[in-house]
Amino acid sequence: MQKFKNWKELINRVLIDSGDFHNPKTAINGETRIDTFKSTKQNSLTEIRAAYMENDFLIYLHIFNPRVPGYNKYVENEYFYYYDFNDKNSYGDPGLKFNKQNTDGVLSLLKTGLKGKEVQYLKDNKVLKSRLYIKGVNSKFNFSYTYDFSKKRGFWNRILGQRIEKMSGIEKRKIDLETIFSGIEISS
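Keep in mind it's a predicted model, so treat the numbers as computed, not measured.

Cut-offs and rules
- Residues numbered from 1 in each chain as written.
- Predicted model: local features only at pLDDT ≥ 70, side-chain atom pairs only at ≥ 80, totals over all residues.
- Heavy atoms only, no water.
- Helix = DSSP H or I, 4+ residues; strand = E, 2+ residues; numbered from the N terminus.
- Buried < 20%, exposed > 50% of the residue type's maximum accessible area, 1.4 Å probe, protein only.
- Contact = heavy atoms within 4.5 Å.
- Pairing = 2+ DSSP bridges.
- Axes fitted to C-alpha atoms, helices over the stretch in contact; angles between N-to-C directions.
- 1 Å grid on protein atoms, 1.4 Å probe; cavity = no way out; pocket = protein on both sides within 12 Å on 5 of 7 lines; lining within 4 Å.
- Points joined across faces, edges and corners; volume = space filled by probe spheres on them.
- Nonpolar A, V, L, I, M, F, W, Y, C, P; charged D, E, K, R; others polar.
- Core = buried A, V, L, I, M, F, W, Y, C linked by side-chain atoms within 4.5 Å.
- Phe/Tyr/Trp six-rings, centres within 6.5 Å; stacked < 30°, edge-to-face > 60°.

A.B. asks: Would you mind going over the overall build of the protein chain with me for this structure?
C.D. replies: A count of helical and extended segments in the protein chain gives four helices and eight strands. Helices and strands appear in the protein chain in the N-to-C order α-β-β-β-β-α-α-β-β-β-α-β. Looking at the protein chain residue by residue over its 188 residues, the buried ones come to 39%. When contacts within the protein chain are restricted to residue pairs at least 6 apart in sequence, long-range pairs at least 24 apart make up 46% of them.

Next up, the structure:
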């Protein structure tokens with residue numbers, strides 16, 4: 001793989017050269033630069049959002065698609081930490097330093113794509129509840145989250161009331177996350 005001088009150059013080249021994403025639109029939020037890459041695939045609503053600090057730390061790499069509101073809710077609070085791809089340490093300060101270990105980790109994420117599924121419970125074509133199942137690198141790292149998007153149900157009704165999946169008129173839909181982002185081919 002060719003040498004890159006920073007995160008922005010690496011992510012730009014990898015996503016654009018794959019042919020799967022357009023040149024990004026850039027926004028600045030304080031000291032953070034956010035590049036949003038839209039899919040080139042017809043009818044795809046998938047975007048990849050990369051956020052960088054001025055000191056060239058990668059803060060996040062979010063995959064977003066309006067078809068999976070549960071997954072979107074999950075990633076909005078996910079950030080990289082200094083030691084995310086370090087076997088000996090964990091967490092650390094926010095952001096990934098640009099080095100071989102971290103670039104290999106991020107490239108692996110882009111290559112692999114999303115694994116898991118989102119099970120949605122809809123009424124009148126609106127998602128009221130979402131169960132997100134994420135597959136990790138091995139089964140020890142599988143996890144699930146539940147998100148309640150029903151705005152009319154108050155707190156106590158959510159806790160003590162009828163479960164959404166048991167309500168009348170509820171439709172269940174399953175979306176494999178791989179259909180949102182199956183990964184990209186990365187040239188050597």
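A.B. asks: Would you mind showing me how to read the sheet that holds strand S7 (residues 143-148) here?
C.D. replies: Within a sheet, each strand pairs with its neighbour through backbone hydrogen bonds, oriented either parallel or antiparallel. Spatially, the four strands line up as an open sheet ordered S7-S6-S5-S8, and their pairing is antiparallel. Each edge of the open sheet is held by one strand with a lone partner, namely S7 and strand S8 (171-176). When the angles between neighbouring strand axes are averaged without regard to direction, this sheet yields 15 degrees.

A.B. asks: Help me out: how do you make sense of the layout of surface pockets in this one?
C.D. replies: Over the atoms rolls a probe the size of a water molecule, and its path tells where empty space is left. Each pocket or cavity is described by its volume, and for the second largest pocket that value is around 300 Å³. Around the second largest pocket, the lining comprises eleven residues; the ones closest to its centre are Lys126, Leu128, Ser150, Lys151 and Lys152. Within the lining of the second largest pocket, the residues separate by chemical class into four nonpolar, one polar and six charged.

A.B. asks: Looking at this structure, how should I read the nonpolar core?
C.D. replies: Grouped burial of nonpolar side chains is what soluble globular proteins tend to show. If you look at the biggest cluster of nonpolar residues, it comprises 34 residues, and the most contacted ones within it are Ile11, Ile48, Tyr71 and Leu110. With near-sequence residues (within four places) excluded, Leu110 lies in contact with Val14, Leu15, Ile48, Leu61, Phe181, Gly183, Ile184 and Ile186.

A.B. asks: What is the right way to read the sheet that holds strand S4 (residues 58-64) from this model?
C.D. replies: Strand order in this open sheet of four strands is S1-S2-S3-S4, and the pairing throughout is antiparallel. The open sheet is flanked by strand S1 (25-29) and S4, the only strands paired with a single partner. With strand direction ignored, the average angle separating the axes of adjacent strands in the sheet is 15 degrees. Two elements, strand S3 (residues 47-53) and S4, share six bridges in a ladder whose sense is antiparallel. Residue Ala51 lies in a different strand from S4, and its bridge partner there is Tyr60. Across the sheet, helix H1 (residues 7-17) lies against S1, strand S2 (32-38), S3 and S4, angled at about 5 degrees from S2, the strand it touches most.

A.B. asks: Got a minute to help me understand the packing of aromatic side chains in this structure?
C.D. replies: Any aromatic ring pair is given by two values, namely how distant the centres are and how the planes are angled relative to each other. Within this structure, the stated rule accounts for nine aromatic pairs. Measuring from centroid to centroid gives 5.8 Å for Tyr60 and Tyr79, while their planes differ by 70 degrees, and the two rings are edge-to-face. With Tyr60 in strand S4 and Tyr79 in the loop between helix H2 (69-75) and helix H3 (100-112), this pair connects stretches of sequence that are 19 residues apart. Considering the side-chain rings of Tyr74 and Tyr145, the 5.4 Å spacing of their centres and the 35 degrees angle between planes classify their relative orientation as tilted.

A.B. asks: So what exactly am I meant to see when it comes to unusual backbone geometry here?
C.D. replies: Only a minority of non-glycine residues have a phi that is not negative, and only a minority of peptide bonds are not trans. One non-glycine residue, Asn43, adopts positive backbone phi at about 70 degrees. Summarising the element assignment, Asn43 is placed in the loop between S2 and S3. Phi is positive for Asp124, which is not a glycine, with a value near 55 degrees. On the basis of relative accessibility, which here comes to 69%, the residue Asp124 falls in the exposed class.

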